[in-house]
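So you can see what is in the structure, the chains are spelled out below.
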Amino acid sequence: MSYDNDNIFAKILRDEIPSFKVYEDDYTLAFMDIMPQADGHTLVIPKFQAETLLDIPADELTHTMTTVQKVMSALKSTLGVEGVVLLQLNGTAAGQTVPHLHFHLIPEHLTKLSGHGAAMGDMEKIKALAEKISEAL
Ligand code: 5GP
C-alpha cells in the first residue's frame, strides 16, 4: 500500500487545513463533512495511515469503530434522529474520493440522501451542528 500523505484528511489530521471537529482521541478524529448529504453528516477517521478498510490492523479498526459508535450515539441524541446511515467506500472504483479510510455517519434515510460530495454545505449551519454534537461527546 502506498499512502498519500498529502491527502486532504492527512492535512486535517495535521491541522494544516481547518475542520469542524466533534471528537478526538489518541487513535481517531471525528469531524463534519463540508459537503453534507444530510444535516449532521459526520466523518470518523483513524489516525493510522490507511487508505481503505484493507489497510488497517484490527486493533486500530476497533478504536475507529468505537468512535463510530460514540458519534452515532451523539447524533441520535442531539439531532433527535431515529436512523443513521453508515457508509464507507473502498477505492476509486467504488467512488472513494479521499484516500484515507473514513466512515460516513449520515443521519437520514438512505433514499433521501443528497449527492455524494456534490455541493458545499452552509458553513454556519455545519459549525452550529458541530458544536451541538461535540457537546454530547
Ligand atoms: P469519499 O467519496 O472518499 O467516500 O468521501 C469523501 C468525503 O469527504 C465527501 O463526503 C466529501 O464531501 C468530504 N470532503 C472532501 N473534502 C473535504 C474537506 O476539505 N473537508 C471536509 N470536512 N470534508 C471533505
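Before reading further, recall that the structure is shown in the block above.
Note that this is a predicted model, so its numbers are computed, not measured.

**Looking at the pairing of strand S1 (residues 21-24)**
Judged from the 3 bridges that link them, S1 and strand S2 (residues 28-32) form a sheet pairing that is antiparallel. In the sheet register, Glu-24 faces S2, and the bridge partner there is Leu-29. In this antiparallel pair of consecutive strands, S1 and S2, the connection spans 3 residues.

**What to know about the packing of aromatic side chains**
Under the definition given, this model contains 1 aromatic pair. Here the aromatic rings of Phe-9 and Phe-31 are separated by 5.3 Å at their centres, their planes lie at 80 degrees, and the arrangement is edge-to-face. On the criterion of sequence distance, the pair formed by Phe-9 in helix H1 (residues 8-13) and Phe-31 in strand S2 is long-range, its members being 22 residues apart. Residue Phe-9 is classed as buried on the basis of its relative accessible area of 7%.

**A closer look at helix H2 (residues 58-79)**
In this model, H2 (22 residues) spans 31 Å end to end at C-alpha, consistent with the 32 Å of a helix rising 1.5 Å per residue. Among the residues of H2, Glu-60, Thr-64, Thr-67, Val-68, Val-71, Ala-74, Leu-75 and Thr-78 are the ones counted as buried. Viewed along the axis of H2, the buried residues span an arc of 130 degrees, placing them on a single side of the element. H2 presents Ala-58, Asp-59, Gln-69 and Ser-77 as exposed residues on the side facing more than 90 degrees away from its buried surface. Positive phi appears at Gly-80, one or two residues downstream of H2, with a value of about 70 degrees.

**Remarks on the packing of H2 against helix H3 (residues 123-136)**
Interaxial distance between H2 and H3 falls to 9 Å at its minimum, and their mutual angle equals 115 degrees. By the angle between their directions, the pair H2 and H3 is classed as roughly perpendicular. In the packing of H2 onto H3, the handedness of the crossing is right-handed. In this structure, H2 uses Ala-74, Leu-75, Ser-77, Thr-78 and Leu-79 to contact H3, whose residues at the interface are Leu-129, Lys-132, Ile-133 and Ala-136. Across the contact of H2 with H3, the residue classes tally to 6 nonpolar, 2 polar and 1 charged.

Rules behind the numbers
Residues numbered from 1 in each chain as written. Predicted model: local features only at pLDDT ≥ 70, side-chain atom pairs only at ≥ 80, totals over all residues. Heavy atoms only, no water. Pairing = 2+ DSSP bridges. Helix = DSSP H or I, 4+ residues; strand = E, 2+ residues; numbered from the N terminus. Phe/Tyr/Trp six-rings, centres within 6.5 Å; stacked < 30°, edge-to-face > 60°. Buried < 20%, exposed > 50% of the residue type's maximum accessible area, 1.4 Å probe, protein only. Expected span 1.5 Å × (residues − 1). Arc of directions from axis to C-beta. Axes fitted to C-alpha atoms, helices over the stretch in contact; angles between N-to-C directions. Parallel < 35°, antiparallel > 145°, perpendicular 65-115°, else oblique. Left-handed = near helix turned anticlockwise from the far one by under 90°. Contact = heavy atoms within 4.5 Å. Nonpolar A, V, L, I, M, F, W, Y, C, P; charged D, E, K, R; others polar.

All we've got here are geometric facts, nothing functional implied.
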